[in-house]
Amino acid sequence: MQMTFRWYGSHDAVPLQYIRQIPGVRGIVSALYDVPVGAAWPVASIAGLQDRIADQAMTLAVIESIPVHEDIKLGRPSRDAFIDAYCTSIARVGTADVPVVSYNFMPIFDWTRTALAMPLLDGSTTLAYEHAALERMDLSRGTGELPGWSTAYDADALRALLTAWRAVDGEQLWENLAYFLERVIPVAESAGVRMAIHPDDPPWPILGLPRVVVDASSLRRVLSLIDRPANGLTFCTGSLGASAGNDLPSMVREFGARSRIHFMHCRNVQRTASRDFHEVAHFKCVW
Ligand SMILES: [Mn+2]
């Protein structure tokens, strides 16, 4: 196992030379943040990212993520061109010797929270999710109210997307994921790249949108879509741990024994109601 740390590129408040100081961390998790979703990643940009990381005596260990275009998730006819571009990115990442790519298959939004700076007793702040507060949000003017997504979609764009998603239920989303993996996994395999799907965060439907990668049986189903080593998991303890029904140790044993956990997110969450939680430190301090 290799310890890694996320770096959000040159605008990250934590520079690479600080990450280099964390004991045991020599691998960086990053992405190209200036490539539009759906476009193939330029070879020179991948190399440039690797060079910046190598300058600090670390390596680009995981790409998180190459985002999946909404047309692929919706199963629109235009998906084939976007899947071709995705495969080009995967092949180029493999040529650059980056071994793991994390991605997710969540409709419209990926991670969702209702507060980005909830104060904790020790003076720190944390991300929080309150399901009723999310469902109360007025998205008729776009994503302005949604923390972390305030500038993502204006009213027209969001309305069009929500309308398109009304025709796609959970089973159709599974079909669209299978279609994507059937084309991407063989390319990843021959490029030496392991794909690692991130579970849905939070692991339940939100805002009327389906979410299907949520528990042990759905992770099994993902792996069975294309039963190859290159089709694996990002085991996110924070996402999966938000659901009380998920027995994380048994899931790690099961999927670890199958060598299909290619990447882990080791976050901790405190559940405060069946669908409410906030992120907490790994070691609980009593003040
Ligand atoms: Mn995660």
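Everything quoted here is computed from the prediction, not taken from an experiment. (Residues numbered from 1 in each chain as written. Predicted model: local features only at pLDDT ≥ 70, side-chain atom pairs only at ≥ 80, totals over all residues.)

Draft legend 1. Representation of the sheet that holds strand E5 (residues 115-119). In spatial order, the strands read E5-E6-E11-E10; together these four strands make up an open sheet with antiparallel pairing. On the outer flanks of this sheet lie E5 and strand E10 (268-273), each paired with one strand and no other. Averaged over all neighbouring strand pairs, the angle between strand axes comes to 35 degrees, with direction disregarded. Sheet analysis places E10 next to strand E11 (residues 276-280), joined by five bridges and oriented antiparallel. When the bridges of E11 are listed, Gln270 appears paired with His278. (Pairing = 2+ DSSP bridges. Helix = DSSP H or I, 4+ residues; strand = E, 2+ residues; numbered from the N terminus. Axes fitted to C-alpha atoms, helices over the stretch in contact; angles between N-to-C directions.)

Draft legend 2. Main features of unusual backbone geometry. Of the consecutive residues Glu64 and Ser65, the connecting peptide bond is found in the cis state with omega at -5 degrees. Mapping Ser65 onto the fold places it in the loop between strand E3 (59-64) and helix H3 (70-74). Note that the residue after Asp201, namely Pro202, is joined by a cis bond; omega there is 0 degrees. In this fold, Pro202 is placed in the loop between strand E7 (194-197) and helix H8 (216-225). The residue Ile108 is not glycine, and still its phi comes out positive at about 60 degrees. Within the element layout of this structure, Ile108 appears in the loop between strand E4 (100-103) and E5. Judged by the 21 C-beta atoms lying within 10 Å of it, Ile108 falls in the buried class. Even without a glycine there, the phi angle at Ser259 is positive, about 55 degrees. (Buried ≥ 20, exposed ≤ 12 C-beta atoms within 10 Å, placed from the backbone.)

Draft legend 3. Layout of the sheet that holds strand E9 (residues 261-265). Ordered in space as E1-E2-E3-E4-E7-E8-E9, the seven strands form an open sheet in which the pairing is parallel. Taken across any chain shown, the strands that pair with only one partner, and hence form the sheet edges, are strand E1 (3-6) and E9. Pairs of neighbouring strands in the sheet enclose a mean axial angle of 30 degrees, with direction left out of account. By the bridge criterion, four bridges tie strand E2 (residues 25-30) to E3 in an arrangement that is parallel. Bridge pairing in E3 links Gly27 to Thr59. Most of the contacts of helix H2 (residues 43-54) go to E3, to which it runs at about 130 degrees, and overall it touches E2 and E3. (Contact = placed C-beta atoms within 7 Å.)

Draft legend 4. Spotlight on the packing of helix H4 (residues 79-95) against helix H7 (residues 170-191). Between H4 and H7, whose axes approach to 9 Å, the crossing angle comes to 20 degrees. Comparing the axis directions of H4 and H7 gives the class roughly parallel. The hand of the H4/H7 crossing is right-handed. Here Ile83, Tyr86, Cys87, Ile90, Ala91, Gly94 and Thr95 of H4 come into contact with H7, specifically with Phe180, Arg183, Val184, Val187, Ala188 and Ala191. For the contact of H4 with H7, a count of residues per class yields 10 nonpolar, two polar and one charged. (Parallel < 35°, antiparallel > 145°, perpendicular 65-115°, else oblique. Left-handed = near helix turned anticlockwise from the far one by under 90°. Nonpolar A, V, L, I, M, F, W, Y, C, P; charged D, E, K, R; others polar.)

Draft legend 5. Inspection of H4 at higher detail. In this model, H4 (17 residues) spans 24 Å end to end at C-alpha, consistent with the 24 Å of a helix rising 1.5 Å per residue. Every buried residue of H4 is accounted for by Arg79, Phe82, Ile83, Tyr86, Ser89, Ile90 and Val93. The buried residues of H4 occupy one face: seen down the axis, they fall within an arc of 115 degrees. Where the residues of H4 are buried, they touch H2, E3, H3, E4 and H7. (Expected span 1.5 Å × (residues − 1). Arc of directions from axis to C-beta.)

Draft legend 6. Spatial organisation of the nonpolar core. Judged by nonpolar contacts, the single largest core of 52 residues is most densely connected at Ile90, Val101, Val184, Ala188, Val193, Met195 and Ile197. With nine residues, the single largest contributor to this core is H7. Contacts of Ala188, omitting those with residues within four sequence positions, involve Ile90, Val193, Arg194, Met195 and Ala230. Counting six residues, the second largest nonpolar core, distinct from the first, contains Leu127, Ala128, Tyr129 and Phe277. (Core = buried A, V, L, I, M, F, W, Y, C linked by C-beta atoms within 7 Å.)

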